[in-house]
Amino acid sequence: MGEIYWDTFNQLQHHPAISTWEDVESFIRVLSHCVEEEHADVVDHLSCGVREVKHLPQSLALNHDDLDKFLDHFLQCRVSNRILREQLAWLSETCVTRRCHPGDLGVISPDCHIAELLRSATARAQRICESHYGVSPHVEFLGDLQSRIAYVPGHLEYCCFEIVKNALRATVEHSRALPVMPPVTVRLCHGDSLSIIISDQGGGIPPDLLSKIWSYGFTTTTSMEASWSPYPSHSKTLAGHGFGLKMSRLYLRYLKGGLILHSMYGYGTDAVMKLNPVDCTEDPIIL
């Protein structure tokens, strides 16, 4: 995998000096090709590497906490690079075409309708659940459904999709012997920050697994399910790899939010996503 990044570095380093808009567009094309094509399988490679490391003999095993810290830093840098690339492309197009909608901030939506985004992510997750199991639980939306904040919609939709998908799967698998399948609820609570609470009655997380759920590579699935990513070329790379939950928390923390799980073993799980609106007047996020 190191060769991928070394090749990208060489391509960007040897690009001609930028002095015209044509040079800018050429640079963006090279950068986009590297990010969207050559780096498309990076998470797959990471997942395979994590599985191999975790099966090493004890004498060669790495400390799992150190591995998680390394992957957190690596993937945060990856998110930062993608946001910078997308924002550069937007700025270039805006300057060339001189067309910009009022309030448009590029990758950040200044008026992101959270409930609409949640419904879109949920519908996608329900289709995958129905394809895999033949059935999907009903999802109820409650709370402040008119909430709007400034946010990065692609990243938030990924987080919502992953967490709702987990809730749907847990509900179906836990409810097979029940006469009626309980619904999954999604509640929006708007206070000093916006919280999205996704609750299921899927049996909760066994106590002996609670310490493992935030470790890269840990998964309760035995098959590779279909997934979705904010980057189309990655639409099937994260499912069953044990990266979805950790990546969701990383996205939220990157934008100064967070993700907390409350498990009631034998009953279900509440996933609480805390969102802080993006404030473009503040100091920049670490990139």
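None of these values were measured; they are calculated from a predicted model.

## Regarding the overall build of the chain
- Within the chain, the regular secondary structure consists of 7 helices and 7 strands.
- Along the chain, from the amino end to the carboxyl end, the secondary structure elements read α-α-α-α-β-α-β-β-α-β-β-α-β-β.
- Counting all 287 residues of the chain, 43% fall into the buried class.
- For the chain, the proportion of contacts with a sequence separation of at least 24, taken over those separated by at least 6, is 74%.

## Thoughts on the packing of helix α5 (residues 114-133) against helix α6 (residues 153-174)
- Running from N to C, α5 and α6 point in directions that differ by 40°, and their axes come no closer than 8 Å. Between α5 and α6, the interaxial angle falls into the category oblique. Once α5 is placed against α6, the crossing between them reads as right-handed. In contact with Ile114, Leu117, Leu118, Ser120, Ala121, Thr122, Arg124, Ala125, Gln126, Ile128, Cys129 and Tyr133 of α5, α6 contributes Pro153, Leu156, Glu157, Cys160, Phe161, Val164, Lys165, Leu168, Arg169, Val172 and Glu173.
- Residues that form the contact of α5 with α6 fall into these classes: 15 nonpolar, 3 polar and 5 charged.

## A short note on the sheet that holds strand β6 (residues 258-264)
- Reading across the sheet, the 5 strands line up as β2-β4-β5-β7-β6 and stay open at both edges, with mixed pairing between neighbours. Whereas interior strands pair on both sides, the edge strands pair on one side only; in this sheet they are β2 (139-143) and β6. The sheet shows a mean angle of 15° between the axes of neighbouring strands, taken without regard to direction.
- Of the pairings in the sheet, the one linking β6 to strand β7 (residues 268-275) comprises 7 bridges and is antiparallel in character. Its bridge partner lying in β7, Met264 is registered against Gly268.
- Sitting on the sheet, α6 is in contact with β2, β4 (184-190), β5 (194-200), β6 and β7, with an inclination near 20° to β5.
- Contacting β6 and β7, helix α7 (residues 244-254) crosses the sheet at an angle of about 135° to β6.

## Focus: the pattern of salt bridges
- As enumerated under the stated definition, the model contains 4 salt bridges in all.
- Between Arg124 and Glu157 there is a salt bridge, with its nearest N and O atoms 3.3 Å apart. With Arg124 in helix α5 and Glu157 in helix α6, this residue pair connects regions lying 33 residues apart in the sequence.
- Given a relative accessible area of 13%, Glu157 falls into the buried group.
- In this structure, Lys165 and Glu162 form a salt bridge, with 3.7 Å as the shortest nitrogen-oxygen distance. You can see Lys165 and its partner Glu162 sitting in helix α6, 3 residues apart, about one turn around the helix. The residues Lys165 and Glu162 share a single accessibility class, namely buried.

## Brief notes about α6
- Its 22 residues place the ends of α6 31 Å apart at the C-alpha level, agreeing with the 32 Å of an ideal helix rising 1.5 Å per residue.
- Most of α6 sits inside the fold, with 16 of its 22 residues counted as buried.

## Looking at the packing of aromatic side chains
- Tallied over the full model, the rule gives 5 aromatic pairs.
- Relative to Phe74, the ring of Tyr5 lies with its centre 5.7 Å away and its plane at 75°, an arrangement referred to as edge-to-face. Here Tyr5 is found in helix α1 (residues 2-13), whereas its partner Phe74 is found in helix α4 (residues 64-97), with 69 residues between them in sequence.
- Geometrically, the ring pair formed by Tyr216 and Phe243 is tilted, given 5.1 Å between the ring centres and 55° between the ring planes.

## A short note on the nonpolar core
- Grouped together as the largest cluster of nonpolar side chains are 61 residues, with contacts concentrated most on Ile114, Tyr151, Leu156, Ile196, Ile198, Met273 and Leu275.
- Considering every element that reaches this core, the biggest residue donor is α6, with 10 residues.
- For Leu156, the residues in contact, after removing those within four places along its chain, are Ile114, Leu117, Tyr151, Ile196, Leu252, Met273 and Leu275.

## Here's the deal with the environment of Tyr251
- One can find Tyr251 in helix α7.
- You can call Tyr251 buried: its relative accessible area is 5%.

## Concerning the environment of Val272
- Looking at the secondary structure, you find Val272 in strand β7.
- Sequence-wise, Val272 and Ile260 are 12 residues apart; in three dimensions their C-alpha atoms are separated by 5.2 Å.
- Excluding anything up to four places from it in sequence, Val272 contacts Ser195, Ile196, Ile197, Gly258, Leu259, Ile260 and His262.

Definitions and cut-offs
Each chain has its residues counted from 1, following the order in which its sequence is written. In keeping with the model being predicted, local features are shown solely for residues with a pLDDT of at least 70 and side-chain atom pairs are shown and tallied solely at 80 or more, while totals for entire chains, interfaces and linings include all residues. Computation of side-chain values covers all heavy atoms of the structure but excludes hydrogens and water. A helix here means a DSSP run of H or I that spans at least four residues, while a strand means a run of E at least two residues long, and both kinds are numbered starting from the N terminus. The cut-offs for exposure are 20% and 50% of the maximum accessible area for each residue type, with area from a 1.4 Å probe on protein chains only; residues under the lower value are buried, those over the upper are exposed, and the others partly exposed. Any pair of residues with heavy atoms lying within 4.5 Å of one another is described as a contacting pair. Axis definition: a line fitted to C-alpha atoms, limited for helices to the stretch in contact. Angles are taken between N-to-C directions and run from 0 to 180 degrees. Note on angle classes: values under 35 degrees are labelled roughly parallel, values over 145 roughly antiparallel, values of 65 to 115 roughly perpendicular, and the remainder oblique. Crossing handedness is read from the near helix: turned anticlockwise from the far helix by less than a right angle, it gives a left-handed crossing, and turned clockwise, a right-handed one. Under the convention adopted here, Pro, Cys and the residues Ala, Val, Leu, Ile, Met, Phe, Trp and Tyr are nonpolar, Asp, Glu, Lys and Arg are charged, and Gly plus all remaining residues are polar. Two strands are said to pair when DSSP picks up at least two bridges between them. By convention in these notes, a salt bridge is any Lys or Arg side-chain nitrogen within 4 Å of a carboxyl oxygen on Asp or Glu. The length a helix should cover is 1.5 Å for every residue beyond the first. Between the rings of Phe, Tyr and Trp (Trp by its six-membered ring), a pair exists once the centres lie within 6.5 Å; its type follows the angle of the planes, with under 30 degrees stacked, over 60 edge-to-face, and the other angles tilted. For our purposes a nonpolar core is just a set of buried Ala, Val, Leu, Ile, Met, Phe, Trp, Tyr and Cys residues, chained together by side-chain atoms within 4.5 Å.

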